[in-house]
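# Close look at the chain arrangement
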Amino acid sequence: MDWGTDLWDQYDIIDKHTQSGLDLVEKYVKFVKERTEIEQNYAKQLRNLTKKYSPKRGSKEEQECRFSNHQSFLDILNEMNDYAGQRELIAENMMMNICIELTKYLQELKQERKSHLSEAKRAQQSLESTYKQLDSSKKRFEREWREAEKAAQYAEKTDLDINATKADVEKAKQQAHMRSHVAEECKNDYAAQLQKYNKEQGQFYFTDMPLIFNRLQDMDERRVKKLAQGYVLFSDTEKHVMPIIGKCLDGITRAGNNVNERNDSLALIEQHKSGFERPGDLEFEDYSQGINRTSSESSLGTPKGPLDLLGKNRSKPFWLFSKKSKPTVTEDFGHLPPEQRRKRLQQRLEELAKELQKETDQSEALGKMKDVYEKNPQMGDPASLAPQINQTTQNMERLRGELSKYENWLAEAGGRGETLRHSMQSFNNNGAHDTYSPDGAHSDEGTPDPSQAIYAEFDDDFEEEELAAPIGQCTALYNFPGSSEGTISMQEGEVLSVVEEDKGDGWTRVRRSNGDEGYIPTSYVSITLSK
């Protein structure tokens, strides 16, 4: 069954049906566009939400991320940010694969339908033109035949008229014969036109129009098939990202399971433990015997307790819930409780050790560069490095003084500096760095030559700069093309080194074994950070 055979007389129905089909495609495209707008707005609102609740750099909230419940909340915000990215991906894929494709296909269908209908109109006009010629020849034949009959009757009447002359009779017969001949020609022309029209009519109804209707049927069926594919894509587009969305939701579940209330309590103790002893009992002051001793003279408290630290009169009791005035910050961290003071001094010593290491490496590099300049004068003047060498030497001396000062303060606070001294002795990688004696004094045994230089980028003469050390590894869960600038492609199952963690924007910086670096979506990989 087909339209050309069974709907040969339903041109208007076919016209309306095909137009209705095109209207449905256009309506579906608009529907998907509005869906993509909803997805984009949803993703935008999610990103704004995560940004609103993400702690600012250096804020108090960021400092509290050492607690597992705070860190888990940050992990949830990161997962929601990745989730928003997947909603954006759904909107983008729907726009590309459904809206744009169907809109382009719709334009092609409109042109094809217009072409078929125009062809049908031309066939109809051609048949109507042939019919008009047939009708014209028919009317002429009818008119001429009547005239021939009249002429024949007039000739017969003239022939019977006794008063008519022979010439009148001959003339009437010739006129009747001529009219009869013209009528016969019109008859033949009418017959030819009728045969032509019947042939064209048969061609029109049995060949031309069925072919056009069948082409319209084929076009409509292709439209329905394409639209059905669009319906399926509407679902498949979201199904495609469901595994990644599932991983985002699993990440949120994992963040909740990672909360450890005991560790959070221990972290709070580690962060705020003061090291003070609890206040001792206050002694009785017998004013009746003229004794006016303060409790501080007989207190069993520690020599430097919270009352000394906060500058309060020790004859007064220490109240846990009283509002404490903010102490004055001092360079030796004496304003802090003993335990916290030791931690801060140790931290500061480690920072100074790193700075000294940096200056020492710089001094070595300057020395190497000076040697290169002395051996190859064309590369530079060794004297030009003197200001940098002097500055580096001064910095090293200043840092040594700072280290000695902080080590003394640490010893005063009851801290142990052996760990730091051991790390300082490790500076002497090639016997060129400073070493520290157990009492914190400097020995110049390994003092680098002040003439050593700043640049360590020589190979033979210049050495290449070292790449940042990886902080972990990741395994690709999905393929990623890496077509945008700054990104790197990866295949499912590929193992990469993590160079920089996700900063909250949904991207992680990685490196291949061949040295290629770039960013990848955090939700596309499983990350294991080094402890």
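Criteria and thresholds
Residues numbered from 1 in each chain as written. Predicted model: local features only at pLDDT ≥ 70, side-chain atom pairs only at ≥ 80, totals over all residues. Heavy atoms only, no water. Helix = DSSP H or I, 4+ residues; strand = E, 2+ residues; numbered from the N terminus. Buried < 20%, exposed > 50% of the residue type's maximum accessible area, 1.4 Å probe, protein only. Contact = heavy atoms within 4.5 Å. Areas by Shrake-Rupley, 256 points an atom, 1.4 Å probe, with all protein chains shown as cover. Expected span 1.5 Å × (residues − 1). Bend = angle between axes of the 7 residues up to and from the residue. Pairing = 2+ DSSP bridges. Axes fitted to C-alpha atoms, helices over the stretch in contact; angles between N-to-C directions. 1 Å grid on protein atoms, 1.4 Å probe; cavity = no way out; pocket = protein on both sides within 12 Å on 5 of 7 lines; lining within 4 Å. Points joined across faces, edges and corners; volume = space filled by probe spheres on them. Polar contact = N/O pair within 3.5 Å; in protein donor to acceptor, adjacent residues only side chain to side chain. pLDDT = per-residue confidence, 0-100. Phe/Tyr/Trp six-rings, centres within 6.5 Å; stacked < 30°, edge-to-face > 60°. Parallel < 35°, antiparallel > 145°, perpendicular 65-115°, else oblique. Left-handed = near helix turned anticlockwise from the far one by under 90°. Nonpolar A, V, L, I, M, F, W, Y, C, P; charged D, E, K, R; others polar. Core = buried A, V, L, I, M, F, W, Y, C linked by side-chain atoms within 4.5 Å. Salt bridge = Lys/Arg side-chain N within 4 Å of Asp/Glu carboxyl O. Patch = residues over 30% accessible without salt bridge, like charges linked within 9 Å, V, L, I, M, F, W, Y side chains within 5 Å.

### A look at the overall build of the chain
When its secondary structure is counted, the chain shows eleven helices and seven strands. Expressed as a percentage of the 531 residues in the chain, the buried residues total 33%. Within the chain, residue pairs in contact and separated by at least 24 positions form 69% of the contacts whose partners lie at least 6 positions apart. Of the roughly 34400 Å² of accessible surface on the chain, a fraction of 50% belongs to carbon and sulfur atoms.

### Side note on helix H5 (residues 166–257)
Between its first and last C-alpha atoms H5 spans 133 Å; for 92 residues at 1.5 Å apiece the expected length is 136 Å, and the two agree. Along H5, the sharpest change in direction is near 45 degrees and occurs at Phe204.

### Let's talk about the sheet that holds strand E3 (residues 472–476)
Reading across from one edge, E6-E5-E4-E3-E7 is the order of the five strands in this open sheet, with antiparallel pairing throughout. The open sheet has two free edges, formed respectively by strand E6 (517–521) and strand E7 (525–529), since each of these has just one partner strand. Each adjacent strand pair in this sheet contributes to an overall mean axis angle of 40 degrees, direction not counted. Bridge analysis of E3 against E7 gives five bridges, and the strand direction is antiparallel. Counterpart to Thr475 in the pairing with E7 is Ser526.

### Notes on the layout of surface pockets
The calculated volume of the largest pocket comes to roughly 1500 Å³. Those elements giving two or more residues to the lining of the largest pocket turn out to be helix H2 (11–53), helix H4 (68–160), H5 and E7. Among the elements that take part in the lining of the largest pocket, H4 stands out by supplying ten residues, more than any other.

### As for the side chain of Glu144
Inspection of the secondary structure assignment puts Glu144 in helix H4. By relative accessible area, Glu144 is classed as buried at 12%. A distance of 3.4 Å separates the side chain of Glu144 from the side chain of Arg179, its partner in a polar contact. Glu144 has contacts with Arg179, Val182, Ala183 and Cys186, leaving out every residue within four places of it along the chain.

### A few points about the confidence of the model for the chain
A residue-level look at the chain finds 81% of positions with pLDDT of 70 or above and a mean pLDDT of 81. At the level of individual helices and strands, the chain shows its lowest average pLDDT in strand E1 (residues 435–436), which scores 36, and its highest in H2, which scores 95. Here residues 291–315 scores under 50 on pLDDT; set against residues more than four positions off or in separate chains, the count is 38 contacts. The model gives residues 416–465 a pLDDT under 50, and that stretch makes 106 contacts with residues more than four places away or in other chains.

### A closer look at the pairing of strand E4 (residues 495–500)
Pairing between E3 and E4: four bridges, direction antiparallel. By the bridge assignment for E4, Gln473 is matched with Ser497. As defined by bridge partners, E4 adjoins strand E5 (residues 507–511) across three bridges and the pair is classed as antiparallel. Residue pairing for E5: Val498 is matched across the bridge by Val510.

### Things to note about the packing of aromatic side chains
Scanning the entire structure with this criterion turns up 14 aromatic pairs. Ring plane angle 85 degrees and centroid distance 6.3 Å describe the contact between Tyr42 and Tyr83, whose orientation is recorded as edge-to-face. In this pair, Tyr42 is assigned in helix H2 and Tyr83 in helix H4, connecting sequence segments 41 residues apart. Given the relative accessible area of 14%, Tyr83 is considered buried. With centroids separated by 5.7 Å and ring planes inclined at 75 degrees, the aromatic side chains of Tyr478 and Tyr524 adopt a geometry described as edge-to-face. Note that Tyr478 is positioned in the loop between E3 and E4 and Tyr524 in the loop between E6 and E7, a separation of 46 residues in sequence.

### Re the packing of helix H9 (residues 338–375) against helix H10 (residues 386–412)
Contact geometry for H9 and H10: axes closest at 9 Å, N-to-C directions at 160 degrees. If you check the angle between H9 and H10, you find them roughly antiparallel. The element H9 and its partner H10 pack so that their crossing is left-handed. Across the contact of H9 with H10, the residue classes tally to 13 nonpolar, seven polar and ten charged.

### Here we look at the nonpolar core
Among the nonpolar cores identified, the biggest contains 35 residues, and Tyr28, Val32, Ile98, Leu102, Met209, Phe213 and Leu216 are the most heavily contacted of them. Of all elements in the fold, only H2, H4 and H5 reach the threshold of two or more residues within this core. In contact with Met209, other than residues within four places in its own chain, are Tyr11, Ala120 and Phe204.

### Description of the pattern of salt bridges
Opposite charge on two side chains makes pairing possible when the charged atoms of those side chains draw close. Counted under the stated rule, the structure contains 22 salt bridges. The closest approach of N and O atoms between Asp218 and Arg222, which form a salt bridge, is 3.1 Å. Of the two residues, Asp218 and Arg222 both sit in helix H5, four residues apart, roughly one turn of that helix. On the accessibility criterion, Asp218 (39% relative accessible area) is partly exposed. Its relative accessible area of 30% is what places Arg222 among the partly exposed residues. Because the salt bridges share partners, they merge into one network encompassing Arg35, Glu39, Arg87 and Glu238.

### Here's the deal with a nonpolar patch on the surface
A surface patch of nonpolar side chains, about 380 Å² in accessible area, is lined by Trp8, Tyr205 and Phe206. Note that Tyr205 resides in helix H5. Accessibility expressed as a relative area gives 33% for Tyr205, which makes it partly exposed.

### Some words on the environment of Arg215
You can see Arg215 is positioned in helix H5. With a relative accessible area of 34%, Arg215 lands in the partly exposed category. Once residues within four sequence positions are removed from consideration, Arg215 is found in contact with His116 and Glu119.

### Let's talk about the packing of H4 against H5
At a closest axis distance of 6 Å, the pairing of H4 and H5 adopts a crossing angle of 175 degrees. What the angle tells us is that H4 and H5 run roughly antiparallel. Residues that form the contact of H4 with H5 fall into these classes: 47 nonpolar, 18 polar and 26 charged.

### Some remarks on the environment of Ser265
Among the secondary structure elements, Ser265 is positioned in helix H6 (residues 261–272). Here Ser265 falls in the partly exposed class, since its relative accessible area comes to 36%.

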